[in-house]
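# Analysis of the macromolecular model
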Amino acid sequence: MTGVAVKDVSAGYGAGTVLADLSLDVGSGEFLAVLGASGSGKTTLLKVIAGLLRPQSGTVRFGDRIVSSPDEWVPPERRRVGLVPQEGALFPHLTVAGNVAFGLPRGTGEDVDRLLGLVGMTGMGGLRPQELSGGQQQRVALARALAPAPEVICLDEPWSALDASLRVRLRGEVRELLAGLGTTAILVTHDQEEALSIADRVAVVRDGRIVQVDAPEVLYSRPADLGTASFVGEAILLDARAVRDGVVSTALGEIHLVTGSPQRPAGLVLLRPEQLAIVAEHAVGPGEPHGAPGSVAARSYHGHDSLVTVRLDAGPEIAVRAPGGAGAAPGERVRVVVGGPGVLVE
Amino acid sequence: MTSRLSSRPPRALFGAAVAAALVALIPLVYLVVRVADAGLAQVLETLARPRTVETVGTSVALTLVVVAACLLLGLPTAWLLARARVWQRRGWLVLVALPLAIPSYVAAYAWIAIFPGMSGFWAAAFVLTLVSLPYVVVPVVAALRSADPSLEEVARTLGRGPRRAFVEATLPQAWPAAAAGSLLVALYVLSDFGAVSLFRVDAFTRVIYASYRASFDRTTAAVLALVLVALAAGLVLLERRVRGRSRRFRTSGAALRPAPDVALTGRGQVGALAWLGVLIGLAIVVPVASLLIRLAEGSRRPLDVGELARAAANSAGVSLIGAALAVALAVPVALLAARYRGARVSAVETAAYSGHALPGVVVGLSLVFLTINLFPAAYQTIATLAFAYAVLFLPKSIGATRSAVAAVPPILEQTARTLGRSAFGAWRSTTLRLAWPGAAAGGLLVLLTAMKELPATLMLRPTGLDTLATELWSRTEVAAYGAAAPYALALIALAAVPAWLMSTAMHRRGGSTQRAADDDEADAAVDMVAP
């Protein structure tokens, strides 16, 4: 089992630099997602790890083995790294079995069958890539990458072309399969939901640098900065003023801060829409200091929930996710109630 | 996006397309009738003659040699231009397409003007290889450049070194392009009249022309012509199939990014430049220099500018009539093919494309028979010659028009209907309005190509009507090299236009992501320059 250690790597194409002194550790057998917008450098990072791009400086290790440094360079064919590119990139001139067998020594037919079984494609070896659906092509691409039993597997936005429900199903299957094999996996994606749902840890990349590496829950609830906060999910940001230790005052009233949240006299506090709830004003007893009063400005209905925009009496507008058909009609008087702590961000 | 409608084509459109296709079939049908008239016994006797067998053998051998040479020279050239960081690559890309601009008889004449002793099979193979090399190089460059680089990357991670990754992952993507290009080369060689005649190689076209001139033996000419057509038709059908297959080869519209270029070492750079320099030197520089030298030397008879201008005007005039007729025939076929599918539609389209498989010498021969036997008044008239041009180059016109029509989404026409236009009014204000420049470009292409057509012109022109091609021909026949040079240079200038069009169309395709439209465009590019 092999982890991957990237240290102080700068890389780019021609004279340009895409990655700047980037460092990242991936544990052995870990499933790490690299999350970034397009142009952030996440695919470049994947290429450096796979050996498809030689960095300008810095080192890359697989376990104890240096695979890239200023003096040493292991080409991709000797790294034992698997690659699942965007949309699969199956060899169109080979059959499904031919694709899977590409990285295997000759005459290993049973292995091909076993690998196809592993990805749920038993008996499809004779088909051509053009005859497969997008999801099936991805399955074959995974089997092909796993065939030579790589130590590390790199997944480059493999499901971006698939429809939403198929995407969810495939990533669950892949997660399970790779966990069973114990292969170290690095998934590059721009889809925060995908990164949060599949990975043990998520590394957020911006402008060629790692902004934060954390477990999904930590990343979501305690993002390192404002950019990350809004990149990994819908963010509600409120001006806050410290009133006492661990408590700030906002337009929604007093809010407790996450334990260990940095203490500052003033700043922005981050809440997630699901932390808020709306209660009809008439349901609250008169004079009760429960929630922040306001009136509904707009509502958009999404089936499983509605996004209700409330104009607070204290000034700002705020978006609240209301489950089910919860119908607060525009104009209605409501209270906005906060559940759970917030975090100060900058 | 679909540019095709599944419904049945309107009866009037289908009828017009069928009529156009039938007109295009006239030379082929009459040739068959003529051969059938001779009777089976005589046909078999002609086929069995040693001379016939020898002719088939010579033509097939010449074709195979040239195709092999084009692949051998073309594939490394294509790799250099597609994947290596060659100095001034864009410039080389334009240069390698240019030999298409040199008609084979002009190239042959230019070489003979330097080496008057050049003659025979290998001389013809040499010159035909130089002029038809772009048919392999240009599409293979495009295929290599549009191949998904992820394939090679995956191959690397699966244990292949850089060279094997290219051979096993990328090269297979270029095979269909190479195969289709080779078939075009074969078609070019098989139908070539000029080079084999000037080098005195007894290939089909030369033997057919000779038998026709010796007017007592016209059945032999007809039988040989039919064999030639059968071979050419086989090549055309194969080429279409291979081109179609190359399309199915693509799995998905993966985000198109170019493969990284290979940096060349100093020695590699020098070698690459030497390789390209020698190819271009032999294909373009030597012939053009030879013509310019001959032009500077002059001839015993000074250049008669009036005569040159008259020949150019004659070429342009007859070709213009031919081009107008070709566009008129092409429009219904192209509309049908761009908008509707089905067995009947492809039958009509295939029939209209028969010109692809008809070498000029065959169309000339058939129309000579037809006019002499059925319409003596039309024998060797401008009308017959223009008709021959229209049939021969109809595929170019259809190709250009079809891709122009296919680029217009039918929803525009349907929207115009909902805004109150009649069926015809909607068509006129949308499809016609947007597609006519493409159709006109196709017509221009026919015009330019017809101006250099040699054998059909020799056989069908009215007595006394001299064109650029026939003037060049008559001067080279009497070894008046200096006097022929201005005509040869004028022909090269004319032919440069379609070659340039093809090279830009191919480049646009290389960088674009709109594949469906591109396929039509690439098809049109191939139709433009197909021999």
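Keep in mind the model is a prediction, meaning the values are calculated, not measured. (Residues numbered from 1 in each chain as written. Chains lettered and ligands numbered in written order. Predicted model: local features only at pLDDT ≥ 70, side-chain atom pairs only at ≥ 80, totals over all residues. Heavy atoms only, no water.)

## Topic: the side chain of Asp 156 of chain A
By secondary structure assignment, the location of Asp 156 of chain A is in strand β7 (residues 152-156). Ignoring sequence-local partners within four residues, the contact set of Asp 156 of chain A consists of Thr 43, Leu 46, Val 84, Pro 85, Gln 86 and Val 188 of chain A. (Helix = DSSP H or I, 4+ residues; strand = E, 2+ residues; numbered from the N terminus. Contact = heavy atoms within 4.5 Å.)

## Topic: unusual backbone geometry
Residues and elements named next belong to chain B. The backbone of Arg 200 sits at a positive phi, close to 55°, despite the residue not being glycine. The phi dihedral of Gln 380 falls on the positive side, at around 50°, and the residue is not glycine. Within the secondary structure layout, Gln 380 lies in the loop between α16 (360-373) and α17 (382-406).

## Thoughts on the pairing of strand β11 (residues 236-244) of chain A
All names here are of chain A. Where β11 meets strand β14 (residues 266-271), six bridges bridge the pair, whose relative direction is antiparallel. What sits directly across from Asp 239, in β14, is Leu 268. Here β11 folds back onto strand β12 (residues 247-250), and the loop between the two strands holds two residues, one of which, Gly 246, carries a positive phi near 80°. (Pairing = 2+ DSSP bridges.)

## Things to note about the pattern of salt bridges
Residues and elements named next belong to chain A. Applying the stated rule across the entire model yields 30 salt bridges over all chains. For Arg 139, the salt bridge is made with Glu 173, and the minimal N-O distance between the two is 2.8 Å. With a gap of 34 residues between them, Arg 139 in helix α4 (residues 134-146) and Glu 173 in helix α5 (residues 164-181) connect regions that are remote in the sequence. With relative accessibility at 13%, the residue Arg 139 sits in the buried group. Glu 194 serves as the salt-bridge partner of Arg 171, at 3.5 Å between the closest nitrogen and oxygen. Residue Arg 171 is found in helix α5, and its partner Glu 194 is found in helix α6 (residues 192-198); the two are separated by 23 residues along the sequence. Comparing Arg 171 with Glu 194 shows no difference in burial state: the two are buried. Each of the salt bridges in this network shares a partner with another, and the network as a whole consists of Arg 65, Arg 80 and Glu 151. (Salt bridge = Lys/Arg side-chain N within 4 Å of Asp/Glu carboxyl O. Buried < 20%, exposed > 50% of the residue type's maximum accessible area, 1.4 Å probe, protein only.)

## Structural notes on the domain arrangement of chain A
Splitting chain A by domain gives domain 1 (4-227) and domain 2 (273-338). Centre-to-centre, using C-alpha coordinates, domain 1 of chain A lies 43 Å away from domain 2 of chain A. (Domains from an automatic or database assignment.)

## Details of the packing of helix α14 (residues 305-339) of chain B against helix α19 (residues 423-451) of chain B
All names here are of chain B. Following both chains from N to C, one finds α14 and α19 inclined at 140°, their axes separated by 7 Å at the closest point. In terms of orientation, α14 lies oblique with respect to α19. Taken as a pair, α14 and α19 cross one another with a handedness that is right-handed. The residues of α19 that touch α14, namely those facing Ala 312, Ser 315, Ala 316, Ser 319, Leu 320, Ala 323, Ala 326, Val 327, Leu 335 and Arg 339, are Trp 427, Thr 431, Ala 439, Gly 443, Val 446, Leu 447, Ala 450 and Met 451. Partitioning the contact of α14 with α19 into residue classes produces 13 nonpolar, four polar and one charged. (Axes fitted to C-alpha atoms, helices over the stretch in contact; angles between N-to-C directions. Parallel < 35°, antiparallel > 145°, perpendicular 65-115°, else oblique. Left-handed = near helix turned anticlockwise from the far one by under 90°. Nonpolar A, V, L, I, M, F, W, Y, C, P; charged D, E, K, R; others polar.)

## A word on the nonpolar core
Ranked by internal contacts, the top residues of the largest apolar core, which has 163 residues, are Val 106, Tyr 109, Phe 199, Ile 208, Leu 365 and Leu 472 of chain B. Top element by residues in this core is α17 of chain B. It accounts for 14 residues. Leu 115, Met 121, Leu 170 and Val 232 of chain A belong to the second-largest nonpolar core, a separate cluster that totals 39 residues. (Core = buried A, V, L, I, M, F, W, Y, C linked by side-chain atoms within 4.5 Å.)

## What about the confidence of the model for chain B?
Residue and element names in this part refer to chain B. Predicted confidence across chain B gives a mean pLDDT of 85, with 89% of residues reaching 70 or more. In the model of chain B, helix α23 (residues 515-529) stands out as the element of lowest mean pLDDT, 54, in contrast to helix α6 (residues 121-132), which has the highest, 96. Between residues 251-255, whose pLDDT stays under 50, and residues either more than four places distant or in other chains, the model counts 13 contacts. Taken as a whole, residues 509-518 scores under 50 in pLDDT and shows 13 contacts with residues more than four places along the chain or in a different chain. Under the prediction, the complex receives an ipTM of 0.78, its pTM being 0.80. (pLDDT = per-residue confidence, 0-100.)

## So, the pairing of strand β8 (residues 184-189) of chain A
Residues and elements named next belong to chain A. Most of β8 is tucked away: six of the six residues are buried. Of the two faces of β8, the one lined by Thr 184, Ile 186 and Val 188 and the one lined by Ala 185, Leu 187 and Thr 189 are each fully buried. Looking at chain direction, strand β3 (residues 31-35) and β8 are connected through five bridges and run parallel. Opposite Ala 33, over in β8, you have Leu 187 as the bridge partner. Here β7 pairs with β8 via five bridges, running parallel. Each bridged residue has a counterpart across the sheet, and for Ile 153 the counterpart in β8 is Ala 185.

## Considering the interface of chain B and chain A
With 26 residues of chain B in contact, the opposing surface of chain A contributes 22 residues. Summing both partners gives a buried area of about 2,100 Å² for chain B against chain A, and 63% of it is carried by carbon and sulfur. Our count for the contact surface shared by chain B and chain A stands at two salt bridges. A salt bridge links Glu 77 of chain A to Arg 156 of chain B, with the shortest nitrogen-to-oxygen separation between them at 2.7 Å. Linking chain B with chain A are four residue pairs in polar contact (both at pLDDT 80 or more). Contributing elements (two or more residues each) for the side of chain B that touches chain A: α8 (149-157) and α9 (162-191) of chain B. (Buried area = accessible area lost by both parts, 1.4 Å probe. Polar contact = N/O pair within 3.5 Å; in protein donor to acceptor, adjacent residues only side chain to side chain.)

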